[in-house]
Every structure is written in C-alpha cells, then in structure tokens.
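Per-entry structural report
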Amino acid sequence: MEKFDTIIIGAGLAGLTVGALLAAEEHQKVLILEKEKYVGGRLVSFQGKGNRLLIQGRELGVKEYNQTMASVYAWVTFAEPDLETMLDKGLLNGFTFEAGGHATFWGNRGRVGFLLDYLQKTIPLPGNKGFSVIDPDTNKIYPMEKGGSYGWMSEESNRTTKKLLREMVISPPEVLEQWDEISFGQWLNERTKDRKVYEFLAALASIHMVMGEPDMIPAGDFIRFMRTAVDIGMNLISGSTGIVPAPGFVYIGERIAEKVAEGGGIIRTDTGVSEVLFNGNRAIGVRARTPEGEITVHADNIVCTVPIRKIWPFLPKNRFPAALTERVDRDYFSVGMLTGYVGLKSDVLADAGIDSKSWLLTPSILKAEEGYIGDVDIVSIMPSNFEPSLAPEGMYTIGYSIALTEGELRDKAKVHHVIDTSRNIFYKTFPKMKEDTLWEIWTCSDKGFGDWPPPGERRPDTTQPGLEGVFFAGDGYGAKTWGSGMDAAVYSGLLCAAAISGKNYVEKVMPPYHR
C-alpha cells in the first residue's frame, strides 16, 4: 500500500478533527483506520425503521445493536418491554436515540459548532430554552429565571450560591490556573458548609464533567465552562445544552468525515491496528487487521486517539516514560454514564406547565452515604422538543443522564437502585408519564469518556518523549486540553493538528473564550 503523510488510529471525533484539518487544510495524504464498521467513535446514534435499527445505512437487529453498543463500552441494563419485543412490534419506528448521554455545550456557539463552521459543515445544534430544578424530596419543579431565586433553598443559601457562581464567572486566567491544581470538591468545601449549596453546584459540575464525585473533578476545567457563558452571552437557561437533529449525534462524525474525503483523505473502517511500527524511536507505520487479512501501511506521522489505558497492546508501555505508565496504572480512572431513553405519547414538560425545551436537574436523588462515591444526580431533557425529527409525529422522547463511576456501573444492584429511584421521582413529578410510556431503554457505559488523571495532574500531552512521529488526540489527551467529552475531543484534535503542522489551529478555529 502507498505511503501516507499521516495515519490516524480511530475515526472518532478527535481523529476525524485531525484528519479533516490535515487533509483539507494542509493537503496531506491522510489515512484513518477505524476498527468498527462505522465512523464517529462514541458518537453512536440509532434510528428506528420498521422492526430494525439503522446506523449509517446498516440495518441492525438486537444482536447487532448489542454488538454496536459493546464497541463503545456500553450495554443495556434494563429495557421495558424487552428489546426483541420493541423491534418485533415496531415500537422504535421513527425514533432516534443515542448509545449514551450525548449533548453539545452551548449549541452552535460551542466548540463543536465552531469546528463545523470552520470546516464548512455546519449543522443545526438546537439548545435549551429553559432550566428547571426538581426537588427530589418534594417532587416540586422550580423553573429558573435569570437572576431569580432558587426556590428550594433558604435566602442565605441563595446568597451563597449566587456569590460562588459570580466568583466562577469573573475569575481571571491566573486564578483558573491555580484552580487547575485542586478538585472542585476542595473548591466547594473551602467556601461553604451549606449542604443545599454544595448539592446544587456539585450536581452542575457532575453533569457537565460527567463525574459523580466533585473530588474527582478538576476545578479549573468546570469553572472555565461556567465562565465561558459570560463571553458567549448564554447561561444555563439559554443554550447551555444542545442536541443534533436526526440521524443524531453520529451526524457530527459523518459531516467531518465528508471533509476528510473532500481533502483526499481515506477512511477505512473494519480495520483494527494491531501494532505501531518503529525504526528505533521513530514511528514508521502500522500493522492492521482487515476482513481480507493483515496489512502494513507506512507514514511519517502516527496519531493515536485510543484512550491511554487501551493502547498498550499495539503501543507497548516500554516505549513510554516509566513515570507516566506507573501513574496511569495506579491513578487514572474512567468516567461513565447511566442513560435512559423513553418513548412517550405526551409532552410531560408542557403538561407540567414548564417550557418544553427546558433541561431538568434533579440533584442528590441518592446520597453518598448510601454507598455511592458521591451524591447521585439526574439531568434530563426531551430531545424531541428540541428537534421534532427525533420522534414520530405526535410522539416524544425524554432522556436521563446520570454520572456514575466505572465501578458503580458494573454493580447491577446499584445501577438498578438508581433507575428505580429515578423512575419513581419522575412518575411522581409528572403524573401522566408512567401510563404514557411506550418503551424504555437504560444503558450503562463505564468508559464513556477518556481516561482521566486525578485532579492537579494534566492529561498526557500530545507528544511524548522518546516517541518520534507519534501524536495523541482524544478527550483524555493534551496537557493544555480543558473540558470534557466532545468539547475536549475537539480541542485535543486542534492541538494535535497544530503539533503536526506547526500552525495554531486553536486560534484559527476557536474564539478566545474557547481557547
């Protein structure tokens, strides 16, 4: 096979970002190798069509659906009725839903939106137009207004909450750098002993960073997210949470893949890299498995987008600094999500008298004292109210996203306790919801995001000493990367493209408040 300028391992959001920029902007010969049969990485979406599911033109039954879920470290933990019945009866026909809890931050004014605009692959990313909090003790809904009060809190708690939120949004860069060294749990504990304040702000951080325990969350990362709202001109009530029209979040990957192809790049799916090849310390290519057999491909640059705890089989530990691999094995952790999708016959938010495009936060439905690493919180939206193409006419979807640790997600009893508690709260809050439910799927993903270092330690950098010609991208890479999920994946992709090309793609693509 011909030699390439750059080979990218993985066609997820970070890999596609690097590939699109190098192919279309730098005119490099780019080859992206993806072990799965689809592009987009963890941006997996499913569309119901008759008694089957679709992803990028492929029809799936229950077996293929479960295999696709497993490819993104996810599995179904509860379904009602069972998946076979849902498909046999065509209950999912016309619905679009995700493999996990996907959301864009700040819609078209977020990092994903700016990248798509830069690549001239813009798609609508409609955001929320409301924000409400459900008190899990009373099942009362508190719609939030800009500058308004937090109705479930005392006046003193209100003042403390607003004071801390203001401290976040006015913090200068040098202070944010100091907060990079501590956890958000420490940040909160140094400022308040008020349990209501702690629960609310910890829940906001948990959902946006996808970590269930504030002591696991880098304070600087989350506070930068909150601070960005001021420059964007948005807030938690307007545009902080966005979705993607049908065919769902996978469409983001498909659009960027189009740009790769337009630049002359090649994406080869069903091709898993088994070894990165070296000449001394210099990477020279890869060996990969395909349905037709093994291939060897050479390139000047190799980009790895696989999470660091998953790369050792094809990029051995002995090529990395020993101090790094020891920290990875000892201290790094994965974060994940429990996600529920429900098909409904009614708009339960409108029935409750709140804006149908609101997102809902239910803090501390379960306390850490009940055996969880931190308090358990729910964030919920009705995606079909943001974008009607996600459900058949006259029908709706509601989604739950709940951050849990990888250990908790592997504990079926804990997971089902969270599911039961969540359902009970929503059935009491929205009286028609139970009887109007058409179908319900709950999934776990214990590695829904990259591998994280503990707070105070930066992510492994885009390049590593002793690995010439090897670069890293993904939400778990980049010493300068901040944020989580798609935001971090895009940012790290820009850093990686910059390291290869010598051009500052963060400045080229992103406005100052996203840099």
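Before reading further, recall that the structure is shown in the block above.
Residues numbered from 1 in each chain as written. Predicted model: local features only at pLDDT ≥ 70, side-chain atom pairs only at ≥ 80, totals over all residues. Heavy atoms only, no water.

**Details of the overall build of the protein**
This is how the line gets drawn: Put simply, DSSP marks the helices as runs of H or I at least four residues long and the strands as runs of E at least two long, and each gets a number from the N terminus on. It is over C-alpha atoms that the radius of gyration is taken, and the globule rule equals 2.2 Å times the number of residues to the power 0.38. Accessibility here uses a 1.4 Å probe with only protein chains present; expressed as a share of the type maximum, an area under 20% marks a residue as buried, one over 50% as exposed, and anything in between as partly exposed. In what follows, residue pairs with any heavy atoms lying within 4.5 Å of each other are defined as contacts. Note on areas: Shrake-Rupley with a 1.4 Å probe; residue coverage comes only from the protein chains shown. Charge convention: Lys and Arg are scored as positive, Asp and Glu as negative, and His as well as the terminal groups of each chain are ignored. To locate a charge, the coordinates of NZ of Lys, CZ of Arg, CG of Asp or CD of Glu are taken.
For the protein, the helix and strand inventory stands at 17 helices and 23 strands. Taken over the C-alpha trace, the protein has a radius of gyration of 22 Å; the compact-globule value for 515 residues is 24 Å, and the two agree within 12%. Relative to its full complement of 515 residues, the protein shows a buried share of 62%. Taking the intrachain contacts of the protein between residues at least 6 apart in sequence as the baseline, contacts between residues at least 24 apart amount to 71%. Here the protein displays about 19,200 Å² of accessible surface, and carbon together with sulfur accounts for 48% of that area. In the protein, 55 side chains carry a positive charge and 66 a negative one; their mean positions are 2 Å apart.

**A few points about the packing of helix H1 (residues 13-25) against helix H10 (residues 250-262)**
Heads up, the rule is: Lines fitted to C-alpha atoms define the axes here, with helix axes fitted over just the stretch in contact, and angles between the N-to-C directions of these axes take values from 0 to 180 degrees. Orientation categories follow fixed angle ranges, with anything under 35 degrees roughly parallel, anything over 145 roughly antiparallel, 65 to 115 roughly perpendicular, and all other angles oblique. In this scheme the handedness of a crossing depends on how the near helix is turned from the far one: anticlockwise by less than a right angle means left-handed, clockwise means right-handed. Each residue gets one of three labels, nonpolar for Ala, Val, Leu, Ile, Met, Phe, Trp, Tyr, Cys and Pro, charged for Asp, Glu, Lys and Arg, and polar for the others, Gly among them.
Taken N-terminus to C-terminus, the directions of H1 and H10 make an angle of 25 degrees; their axes are 8 Å apart at the nearest point. Relative to H10, the element H1 lies roughly parallel. Every pair of crossing elements has a handedness; the one defined by H1 and H10 is left-handed. Where H1 abuts H10, its residues Leu13, Leu16, Thr17, Gly19, Ala20, Ala23 and Ala24 lie against Ile252, Gly253, Ile256, Ala257, Lys259 and Val260. Residue composition of the contact of H1 with H10, by class: 9 nonpolar, 3 polar and 1 charged.

**Points about the sheet that holds strand E12 (residues 238-242)**
Put simply, the test is: Here, strands pair whenever DSSP counts at least two bridges between them.
What the 3 strands build is an open sheet, ordered E8-E12-E9; its pairing is antiparallel. Sheet topology places strand E8 (104-105) and strand E9 (127-129) at the edges, where each strand pairs with a single neighbour. Bridge analysis of E8 against E12 gives 2 bridges, and the strand direction is antiparallel. Residue pairing in the sheet places threonine 104 in a bridge with glycine 242 of E12.

**Comments concerning the packing of aromatic side chains**
Selection criterion: Under the pairing criterion, centres of Phe, Tyr and Trp rings, with the six-membered ring standing for Trp, must be within 6.5 Å; the plane angle then separates stacked pairs below 30 degrees from edge-to-face pairs above 60, leaving the rest tilted. Charge-over-ring contacts are defined here by two conditions on Lys NZ or Arg CZ: a distance within 6 Å of the ring centre and an angle within 35 degrees of the ring normal.
Per the counting criterion, the structure on display carries 24 aromatic pairs. Ring centres 5.6 Å apart and planes at 45 degrees place the aromatic pair phenylalanine 426 and phenylalanine 430 in the tilted group. The class of phenylalanine 426 is buried, set by a relative accessible area of 0%. A relative accessible area of 2% means that phenylalanine 430 is categorised as buried. Grouping aromatic residues by their ring pairs yields a cluster made of Phe105, Trp106, Trp179, Phe184, Trp187, Phe222 and Phe225. A cation over a ring is seen here: arginine 111 above tryptophan 482, with NZ or CZ 4.2 Å from the ring centre.

**Considering the sheet that holds strand E4 (residues 52-55)**
As summarised here, the arrangement of the 4 strands in space is E5-E4-E3-E7, forming an open sheet in which the pairing is antiparallel. Edge strands, defined here as strands with exactly one partner in the open sheet, are strand E5 (58-60) and strand E7 (96-98). Each adjacent strand pair in this sheet contributes to an overall mean axis angle of 35 degrees, direction not counted. Summarising the sheet, strand E3 (residues 45-49) and E7 pair through 3 bridges and their orientation is antiparallel. Paired with phenylalanine 46 across the two strands is phenylalanine 97, which belongs to E7.

**Thoughts on the layout of surface pockets**
Condition: Within this scheme a cavity is a closed region of a 1 Å grid, computed over the protein atoms alone, that accommodates a 1.4 Å probe without allowing it to escape, whereas a pocket is open but has protein on both sides within 12 Å along at least five of seven lines; lining residues each have an atom within 4 Å of a point. Grid points are joined across faces, edges and corners, and a volume is the space filled by probe spheres set on the points.
Volume-wise, the second largest pocket comes out at about 610 Å³. For the lining of the second largest pocket, the secondary-structure elements that each account for two or more residues are helix H5 (155-169) and helix H9 (219-232). At 4 residues, H5 tops the list of elements feeding residues into the lining of the second largest pocket. In the lining of the second largest pocket, the residues fall into 14 nonpolar, 4 polar and 4 charged.

**Re the pattern of salt bridges**
Our working definition: Throughout this description, the term salt bridge denotes a Lys or Arg side-chain nitrogen within 4 Å of a carboxyl oxygen of Asp or Glu.
Tallying each qualifying case throughout the model produces 33 salt bridges. Aspartate 221 is the partner of arginine 459 in a salt bridge, and the nearest nitrogen-oxygen pair spans 2.6 Å. Remark: aspartate 221 occurs in helix H9 and arginine 459 occurs in the loop between strand E22 (451-452) and strand E23 (470-472); sequence separation between them is 238 residues. Put simply, Arg309, Glu406, Arg410, Asp446, Lys447 and Asp451 are held in one network by salt bridges that share partners.

**As for the side chain of threonine 481**
Basically, it comes down to this: Distance and chemistry together define a polar contact, namely a pair of N or O atoms within 3.5 Å, with one atom able to donate a hydrogen and the other to accept it when in protein, and with adjacent residues in sequence counting only for side-chain atoms on both sides.
When you line up the elements, threonine 481 lands in the loop between E23 and helix H16 (485-501). Only 2.8 Å separates the side chain of threonine 481 from the backbone oxygen of tyrosine 477, close enough to count as a polar contact. Setting aside residues no more than four positions away along its own chain, threonine 481 makes contact with Arg458, Arg459, Ala488, Tyr491, Ser492 and Leu495.

**Side note on the environment of leucine 204**
Along the chain, the position of leucine 204 falls in helix H8 (residues 195-209). For leucine 204, a relative accessible area of 1% translates into the label buried. Note: C-alpha distance between leucine 204 and valine 342 (138 residues apart in sequence) is 23 Å.

Read these as geometric descriptors, not functional statements.
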